[in-house]
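Architecture at a glance
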Amino acid sequence: MVKESIYNPEEIKDKLVADFPSKIARKRAKAIVVNTGTDETPQIAANARTVPGLITMRGCAYAGCKGVILGPTRDVLSITHGPIGCGFYSWLTRRNQTRPPKPEDENFMTYCLSTDMQESEIVFGGEKKLAQAIEEAYQLFKPKTIVVHATCPVGLIGDDIHQVTRAAQEKLGIKVFGFSCEGYKGVSQSAGHHIANNQIFKHMVGTDNTASPSPYRVNLLGEYNIGGDAFVIEDLFARCGFELVSTFCGNSDHDSMCRSHTAELNLVMCHRSINYMADMMETKYGIPWIKVNFIGAEATAKSLRKIARYFGDEKLIEQTERVIEEEMPAVSEARQLYQERCRGKKVMLFVGGSRAHHYQELFKELGMEVVAAGYEFAHRDDYEGRRVLPSITVDADSRNIEELTVEKDPERYKERVSPEKCAELAADGVEFKDYAGMMPEMEAGSLTIDEPSHHETFRLLELYKPDLYCAGVKEKYAVQKTGIPCLQLHSYDYGGPFAGFEGAINFYKDVDRLVSSRIWSYLEAPWQRQTQVKATYGI
Ligand code: CFM
């Protein structure tokens, strides 16, 4: 179609917003930037309110708290305080898997518990019903911990969930606490991540000082075990000799999170959803954090090496190299095979708050060209790198999310790396507290778009005709109706795992199946063909 436009990203940018009223066009234009291919990235508008009327890809704060952060923790019993729809639509809709170690171990993830608020509670208050629901849940399941998630009406009518949970905790003698994650907080699910981080940090982290005897103790932060990714990473860690204390929160349980402050190093996978936890644990307990990425074979090898180097033990480093050596031949073989069919194909990714960056690694390995990418709800630091953090202005929407004041723990704070060691490791590629963001890694001329609307998505498809579009279920079928395959990078459709070496091979295969399939050429219905025949031959 408009093939030459591919080389005119500025022109495309104008076309994407051309149909909007001028005020909206101006606002949206700030969220669309042309990458420079260098560290000098332009500023992008992110984490801003969605323009009313535009169809958004985003979710709500409740989804970010209950679904994303708490969703994969198997033995913390979640109750949704709200109308039944919120509970129902967040019930088993994310493919976060879990594997209780023993058959008798608890797994509440398959349940949907809600106070099912009715009109009478909306009018007269729902605290009584919530107290009853907590007791009923306790009698049924006898869990170690019950948590309550607030939905929009709870905040609107002013139910005090924290007072109710405190009373329940006293009465039942188990841990009960709440999340004020009303859907309207903040501008997206990102607010819910922050709220969840705060409460888990306050009520769980640091409540059990039992430490494992291994000196190589790590936490994996921001890995949610979608399609079994965490299982792959757990296996790699075990083989390398790293002791995983806790994962936030893929395949996790309550007790491991309570012990997580005993780790020596925090590994941050999804920076957007869990950076708060990493920073708070560093301030309180002195646990440093590094950014890792287990999406992509090369990225996985690099991340494993960083961890081994941090501990610096020769045997650990050797063992890590052995694991990488064992895994790489199969990856290279698959890559060669699939590259032949995928090389040069164009792809776009618009996903969440970290995957639009992480998955570019896998597309690079396949030789595919990322022409446009963006997050739904990330902040400027996820795009431009943490160096821009001081220049991010806090607006009213962020101001109403609690910022915890965290201090050094007088007994348990321990400096893990001296400043000299820190500099030495940095020179060796192990940078602490650093994330360079997505944009510096993208090719010059490619587009970065924050939270593209439905309209912009379709303009993009028209202008670029990419070979593959990556997004979620809300976009998938609409995109495929245009004859362009869509891979769900939230749920992996029915596939995965995509993490680690094994995951990379799975990914190459799935991408090849999508971009090499001829099915898209059969998209025209017979009557459409008929019209064409008529037009061509006049019959
Ligand atoms: Fe982090 Fe996630 Fe993501 Fe996210 Fe999510 Fe998800 Fe995602 Mo869907 S925590 S930001 S809120 S990596 S559910 S596992 S796939 S949007 S890119």
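The residue count restarts for each chain, going from 1 along the sequence in the order it is written. Local features in this predicted model are restricted to residues whose pLDDT is 70 or higher, and side-chain atom pairs enter the listing and the counts only when it is 80 or higher, whereas totals over whole chains, interfaces and linings include all residues. Only heavy atoms go into the side-chain values, all of them from the structure, while hydrogens and water stay out.

Moving on to the sheet that holds strand β10 (residues 346-350). Adjacent strands of a sheet pair through backbone hydrogen bonds, lying either parallel or antiparallel. Judged by pairing direction, the sheet is mixed, and its six strands sit side by side in the order β1-β12-β11-β10-β13-β14 without closing on themselves. The open sheet has two edge strands, β1 (32-34) and β14 (486-488), and neither has a second partner. For this sheet, the mean inter-axis angle between neighbouring strands, taken without regard to orientation, is 20°. Only strands joined by at least two bridges in the DSSP assignment are considered to pair. Elements are defined by DSSP. Helices are runs of H or I of four residues or more, strands are runs of E of two residues or more, and each kind is numbered from the N terminus. By the bridge criterion, three bridges tie β1 to strand β12 (residues 447-449) in an arrangement that is antiparallel. Paired with isoleucine 32 across the strands is isoleucine 449, a residue of β12. In this fold helix α20 (residues 473-480) packs onto β13 (468-471) and β14, with an angle of close to 165° to the strand it touches most, β14. Axis lines are fitted to C-alpha atoms, over the contacting stretch for helices. Their N-to-C directions set the angle, which ranges from 0 to 180 degrees. Two residues form a contact once any of their heavy atoms are found within 4.5 Å.

It suffices for a single heavy atom of a residue to lie within 4 Å of a molecule or strand for the residue to be listed as near it. Surveying the vicinity of the ligand reveals 13 residues, the closest of which are Arg94, His193, Cys270, Ser354 and His490. Here the residues of the shell around the ligand sort into five nonpolar, six polar and two charged. Residue classes follow a fixed rule: Ala, Val, Leu, Ile, Met, Phe, Trp, Tyr, Cys and Pro count as nonpolar, while Asp, Glu, Lys and Arg count as charged, and any other residue, Gly among them, counts as polar.

Before going further, it helps to spend a moment on the nonpolar core. By size, the foremost hydrophobic cluster in this structure holds 110 residues, and its most contacted members are Phe179, Ile200, Tyr359, Phe363, Leu468 and Val511. Apart from residues lying up to four places away in sequence, tyrosine 359 is in contact with Asp229, Ile295, Leu349, Leu489, Tyr492, Phe498 and Phe507. Residues belong to a common nonpolar core when they are buried Ala, Val, Leu, Ile, Met, Phe, Trp, Tyr or Cys residues joined through side-chain atoms within 4.5 Å. Throughout this description, buried means an accessible area under 20% of the type-specific maximum (1.4 Å probe, protein chains only), exposed means over 50%, and partly exposed covers the range between. By size, the runner-up hydrophobic cluster in this structure holds 25 residues, among which are Val51, Met57, Ala372 and Cys486.

Here serine 517 is to be found in the loop between α21 (500-516) and α22 (526-537). In this structure serine 517 comes out as partly exposed when scored by relative accessible area, which is 29%. As used in this structure description, the phrase polar contact means that two N or O atoms lie within 3.5 Å; if the pair is within protein, one of them must be able to donate a hydrogen and the other to accept it, and residues adjacent in sequence are counted only when both atoms belong to side chains. A distance of 3.0 Å separates a polar atom in the side chain of serine 517 from the backbone nitrogen of isoleucine 519.

This brings us to the packing of aromatic side chains. Only the six-membered ring of Trp is used, alongside the rings of Phe and Tyr, when aromatic pairs are assigned; centres must lie within 6.5 Å, and planes under 30 degrees apart are stacked while those over 60 apart are edge-to-face, with the rest tilted. Inspection of every chain in the model, using the stated rule, returns 18 aromatic pairs. Here phenylalanine 237 and phenylalanine 294 contribute two aromatic rings whose centre-to-centre distance is 5.6 Å and whose plane-to-plane angle is 70°, an arrangement assigned as edge-to-face. One end of the pair, phenylalanine 237, is in helix α10 (residues 229-240); the other, phenylalanine 294, is in the loop between β9 (289-291) and α13 (297-311), and 57 residues separate them in sequence. Each of the two residues, phenylalanine 237 as well as phenylalanine 294, counts as buried. Ring geometry for tyrosine 492 and phenylalanine 498: centres 4.3 Å apart, planes at 40°, overall tilted. For tyrosine 492, a relative accessible area of 1% puts it in the buried group. By relative accessible area, phenylalanine 498 is classed as buried at 0%.

Within this document, salt bridges are pairs made up of a side-chain nitrogen of Lys or Arg and a carboxyl oxygen of Asp or Glu, the two lying within 4 Å of each other. Under the definition given, this model contains 34 salt bridges. With a closest N to O distance of 3.9 Å, lysine 102 and aspartate 105 form a salt bridge. A salt bridge links arginine 341 to aspartate 512, with the shortest nitrogen-to-oxygen separation between them at 2.7 Å. One end of the pair, arginine 341, is in helix α14 (residues 314-342); the other, aspartate 512, is in helix α21, and 171 residues separate them in sequence. Via salt bridges that share partners, Arg217, Glu264, Lys414 and Arg416 belong to a single interconnected network.

Per-chain confidence: the protein chain averages 95 in pLDDT, with 97% of residues scoring 70 or above. The predictor rates its confidence in each residue with pLDDT, a number between 0 and 100. Overall, residues 1-5 carries pLDDT values under 50, and its contacts beyond four positions in sequence, including any with other chains, amount to seven contacts.

What follows covers helix α15 (residues 355-365). In terms of residue burial, α15 counts as a mostly covered element, since nine of its 11 residues are buried. Within the sequence span of α15, burial applies to Arg355, Ala356, His357, His358, Tyr359, Gln360, Leu362, Phe363 and Glu365. The first or second residue beyond α15 is glycine 367, which carries a positive phi of 80°.

Right, let's get into the sheet that holds strand β5 (residues 175-179). If you walk across this open sheet you meet the four strands as β3-β2-β4-β5, and the pairing is parallel. With one partner strand each, in any of the chains shown, β3 (113-114) and β5 form the two edges of the open sheet. Both strand β4 (residues 145-150) and β5 contribute to a ladder of five bridges, which runs parallel. Considered in β5, the bridge of isoleucine 146 is made with valine 176. Together, β2 (76-81), β4 and β5 form the strand contacts of helix α8 (residues 161-172), whose direction differs from that of β5 by roughly 175°.

This part covers the environment of arginine 335. Among the structural elements, arginine 335 can be located in helix α14. Through-space distance from the C-alpha of arginine 335 to that of isoleucine 324 is 16 Å; in sequence the pair is 11 residues apart. Setting aside its immediate chain neighbours within four residues, arginine 335 contacts Ala297, Glu298, Glu365 and Tyr508.

Residue position: histidine 149 is located in strand β4. A distance of 2.9 Å separates polar atoms of two side chains, one belonging to histidine 149 and the other to serine 78.

Further remarks concern the pairing of strand β7 (residues 243-249). Successive side chains on a regular strand alternate, one facing one side of the sheet and the next facing the other. With five of its seven residues buried, β7 lies for the most part within the structure. Judged from the six bridges that link them, strand β6 (residues 217-223) and β7 form a sheet pairing that is parallel. Following the sheet pairing, arginine 217 is matched in β7 by glutamate 243. Assignment of crossover handedness uses the view with strands pointing away from the viewer, where a clockwise path from the first strand over the helix to the second indicates a right-handed crossover. After leaving β6, the chain enters α10 and then returns to the sheet as β7, a path that is right-handed.

Once that is clear, we can look at unusual backbone geometry. Geometrically, the link from phenylalanine 248 to cysteine 249 is a cis peptide bond, its omega value of 0° lying close to zero. Among the secondary structure elements, cysteine 249 is positioned in strand β7. Of the consecutive residues glycine 496 and proline 497, the connecting peptide bond is found in the cis state with omega at -10°. Looking at the secondary structure, you find proline 497 in the loop between β14 and α21. Backbone geometry places asparagine 251, a non-glycine residue, at a positive phi of 50°. Mapped onto the secondary structure, asparagine 251 falls in the loop between β7 and α11 (254-258). A relative accessible area of 13% places asparagine 251 in the buried class. Phi at aspartate 493 is positive, roughly 50°, even though this residue is not glycine. Within the secondary structure, aspartate 493 is located in the loop between β14 and α21.

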